[in-house]
Amino acid sequence: MGAHRRKCDWCDSGTPIVRDMEPVNPDYQYWCEECARALIIKGDPIETYRELEGEPIYGRLLDEHCTLKRFYSFATA
């Protein structure tokens, strides 16, 4: 199933923009923009991720909303 057909694992309605490459729970790997933003604001951002749309949407969300200065990894392979 392609990413464009998949739904967000959390809300089951949004189109995923990011995949958690090291999920604590494998049932929650794909996140839409709204749910990903909520994770960041809550203080639980995805640390190792892959952007799905070719645009750095999640990276911009981290820049805009993340107050913790941790290292994040963009997975390229």
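For the structure given in this document, a descriptive report is provided here. Values in this document were obtained by computation on a predicted structure and should not be read as measured data.

Cut-offs and rules
Residues numbered from 1 in each chain as written. Predicted model: local features only at pLDDT ≥ 70, side-chain atom pairs only at ≥ 80, totals over all residues. Heavy atoms only, no water. Phe/Tyr/Trp six-rings, centres within 6.5 Å; stacked < 30°, edge-to-face > 60°. Helix = DSSP H or I, 4+ residues; strand = E, 2+ residues; numbered from the N terminus. Buried < 20%, exposed > 50% of the residue type's maximum accessible area, 1.4 Å probe, protein only.

Scanning the entire structure with this criterion turns up four aromatic pairs. Ring centres 5.3 Å apart and planes at 55° place the aromatic pair Trp10 and Tyr28 in the tilted group. Taken together, the residues span a long stretch of sequence, with Trp10 in the segment before strand S1 (16-20) and Tyr28 in the loop between S1 and strand S2 (30-32) at a distance of 18 residues. The class of Trp10 is exposed, set by a relative accessible area of 55%. Between the aromatic rings of Tyr49 and Tyr58, the centroid separation amounts to 4.8 Å while the plane-to-plane angle is 65°, which identifies the pairing as edge-to-face. Judged by relative accessible area, which is 9%, Tyr49 ranks as buried. The class of Tyr58 is buried, set by a relative accessible area of 0%. Put simply, the rings of Trp10, Tyr28 and Trp31 touch in pairs and so form one group of aromatic residues.

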